[in-house]
Amino acid sequence: MEQLSFFDGAEKYSYLPEDLLDYRPGIFYPRESASFLKAFISTTPWIQETVQMYGKMMKTPRLTAWYGDNDKSYTFSGNKYYPLPWTEDLLKVKSRIEPIAGIAFNTVLLNYYRDGNDSVAWHSDDEYELGVKPVIASVSFGQVRRFDIRQKQNHRHKYAVDLKNGSLLLMKGDLQELWEHKIAKSVKPMKERVNLTFRVIR
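Everything numeric here is computed off the predicted structure, so don't read it as measured data.

(A) Here's a closer look at the sheet that holds strand β8 (residues 107-113). The strand order β2-β13-β10-β15-β8-β5 describes an open sheet built from 6 strands, whose pairing is antiparallel. Since the sheet does not close on itself, it has two edges, and those belong to β2 (21-24) and β5 (63-68), each with one partner. Put simply, the sheet's adjacent strands are angled 15° from each other on average, direction ignored. Examined bridge by bridge, β8 and strand β15 (residues 193-199) share 7 bridges and lie antiparallel to one another.

Structure (structure tokens):
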């Protein structure tokens, strides 16, 4: 397992508890990661959602697409989503990570970060449909982006890990209840990144 890094000034934990996070780089080889990245960017029917944030309707600073079993709708920020049918490439990725996670996932949310201006704000994946203590598998292809984590009750408890091309991050346990996470905007030039978060809709 690759060591998680700290923010400057954060309390000096050397890792996040294993019952919350499991980060595994190199699950997909560089060549197949590049192939998946190209395929997802070119074939996915991306949309830019409008969601309610801070009391205002705003366009999400990234593109998204929702896939999964046909009876698994999902409600987020006041919008209800119905999944597109699984593709061959998504099923290939799914079959690679399910034995590691020990979970049979039935949906996946794709996020397309086009450059450093695309991001996702602080949030938790704690929607009702995900149930209690959900296991969410996050797969990254393309540009390395920093994944920030902070405790809800004490923002001084915070960590970061660089999500590398071809990596898998398993989020589990009390993470969604007690912590929140984000992908920040970057002032540095950033290339394209596609992130897949596999979930179980109950």
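(B) Broad picture of the nonpolar core. With 27 residues, the main nonpolar core has Phe40, Val93, Leu110, Val139, Phe141, Leu196 and Phe198 as its most contacted residues. Elements with a contribution of two residues or more to this core: α1 (30-43), β5, α2 (88-101), β8, β10 (136-142), β13 (167-171) and β15. When near neighbours in sequence (up to four residues on either side) are disregarded, Phe198 contacts Trp86, Leu90, Val93, Lys94, Ile97, Phe105, Thr107, Val108, Val135, Ile136, Ala137 and Val139. The next biggest cluster of nonpolar side chains, apart from the first, holds 23 residues, and it includes Val51, Tyr81, Leu175 and Ile201.

(C) Representation of the confidence of the model for the chain in the model. Taken residue by residue, the chain gives an average pLDDT of 87. The fraction at 70 or more is 88%. A low-confidence stretch, residues 1-14 stays under pLDDT 50, and its non-local contacts, those more than four residues away or across chains, total 32 contacts.

(D) Region of interest: the packing of aromatic side chains. Enumeration according to the criterion identifies 9 aromatic pairs in this entry. One aromatic cluster in this structure is built from Phe28, Phe36, Phe40 and Phe141.

(E) Local environment of the side chain of Ser138. Examined against the element boundaries, Ser138 turns out to sit in strand β10. A polar contact is formed between the side chain of Ser138 and the side chain of Asn195, at a distance of 2.8 Å.

Parameters at a glance
- Residues numbered from 1 in each chain as written.
- Predicted model: local features only at pLDDT ≥ 70, side-chain atom pairs only at ≥ 80, totals over all residues.
- Heavy atoms only, no water.
- Pairing = 2+ DSSP bridges.
- Helix = DSSP H or I, 4+ residues; strand = E, 2+ residues; numbered from the N terminus.
- Axes fitted to C-alpha atoms, helices over the stretch in contact; angles between N-to-C directions.
- Core = buried A, V, L, I, M, F, W, Y, C linked by side-chain atoms within 4.5 Å.
- Buried < 20%, exposed > 50% of the residue type's maximum accessible area, 1.4 Å probe, protein only.
- Contact = heavy atoms within 4.5 Å.
- pLDDT = per-residue confidence, 0-100.
- Phe/Tyr/Trp six-rings, centres within 6.5 Å; stacked < 30°, edge-to-face > 60°.
- Polar contact = N/O pair within 3.5 Å; in protein donor to acceptor, adjacent residues only side chain to side chain.

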